[in-house]
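Chain and residue survey
Here is what each chain is made of, one letter per residue.
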Amino acid sequence: MLYLLAYIASVVLINFAFSAAPHLDIIWSAWGGLVFILRDMVQTRFGHGAIVAMLVALGLSYVTSDPTIALASATAFAVSECIDWLVFTITKRPLHDRLWISSALSIPLDTFIFFGLIDALTPPVVITALASKFAGVTVVWLIMAWRLRKQTVAG
């Protein structure tokens, strides 16, 4: 439940931050990595129920943030979640691999869609966003792979 609440709060807060201080977009783009980690944790616990969490977060974002930011976030998340859904539904690989594969496909699209729609698509912002998101997803992948190996050795 903690990851679910943290995910919703992070989406709302990052959208509010982009609305309140758009000139700090490179800082907020680094924060995006945390949002992807939390999304992955929510997906591992709630499966496709993560979409409900996303909808709640986007609804709250629309109320608390600039509607343009909320719409850009909703659009980017919708594309990202569709990719995740496809990978999780079609792929039969272990969970940690599905998380990394879906992220490898969705992170670049999410990044370009969001920053393109808010007119902040600059090289430093894109590089920071991609680096933070891929770093976060890779850390989650490594932790999950380590746990799986540990269980396999113990079992």
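Predicted model, so just to flag it, every value in this text is computed and none were measured.

Quick word on the UniProt feature "transmembrane region" (unreviewed entry) in the chain
UniProt tags residues 6-34, 46-63, 99-118 and 124-146 as "transmembrane region" (unreviewed entry). In the segment residues 46-63, helix accounts for 83% and strand for 0%; the C-alpha atoms at its two ends are 25 Å apart. What you have in residues 99-118 is 95% helix and 0% strand, and the ends, taken at the C-alpha atoms, are 27 Å apart.

A word on the pattern of salt bridges
Any two side chains of opposite charge can pair, so long as their charged atoms come close to each other. Enumeration over the complete set of coordinates arrives at four salt bridges. Between Asp84 and Arg39 there is a salt bridge, with the nearest N and O atoms lying 2.8 Å from each other. Of this pair, Asp84 sits in helix α4 (residues 67-90) while Arg39 is found in helix α2 (residues 25-46), placing the two residues 45 residues apart along the sequence. Accessibility expressed as a relative area gives 1% for Asp84, which makes it buried.

Here's the deal with the packing of helix α1 (residues 2-20) against α2
Direction vectors running N to C along α1 and α2 enclose 155°, while the axes themselves pass 9 Å from each other. Between α1 and α2, the angle is such that the two are roughly antiparallel. Every pair of crossing elements has a handedness; the one defined by α1 and α2 is left-handed.

Some words on the packing of α2 against α4
The N-to-C vectors of α2 and α4 enclose an angle of 40°; their axes lie 13 Å apart at closest approach. Taken together, the axes of α2 and α4 lie oblique to each other. For the pair α2 and α4, the sense of crossing is right-handed. In this structure, α2 uses Val35, Phe36, Arg39 and Gln43 to contact α4, whose residues at the interface are Phe77, Ser80, Glu81, Asp84 and Phe88. Here the residues of the contact of α2 with α4 sort into four nonpolar, two polar and three charged.

The rules we used
Residues numbered from 1 in each chain as written. Predicted model: local features only at pLDDT ≥ 70, side-chain atom pairs only at ≥ 80, totals over all residues. Heavy atoms only, no water. UniProt positions renumbered as here; feature names shortened; annotations may be inferred. Helix = DSSP H or I, 4+ residues; strand = E, 2+ residues; numbered from the N terminus. Salt bridge = Lys/Arg side-chain N within 4 Å of Asp/Glu carboxyl O. Buried < 20%, exposed > 50% of the residue type's maximum accessible area, 1.4 Å probe, protein only. Axes fitted to C-alpha atoms, helices over the stretch in contact; angles between N-to-C directions. Parallel < 35°, antiparallel > 145°, perpendicular 65-115°, else oblique. Left-handed = near helix turned anticlockwise from the far one by under 90°. Contact = heavy atoms within 4.5 Å. Nonpolar A, V, L, I, M, F, W, Y, C, P; charged D, E, K, R; others polar.

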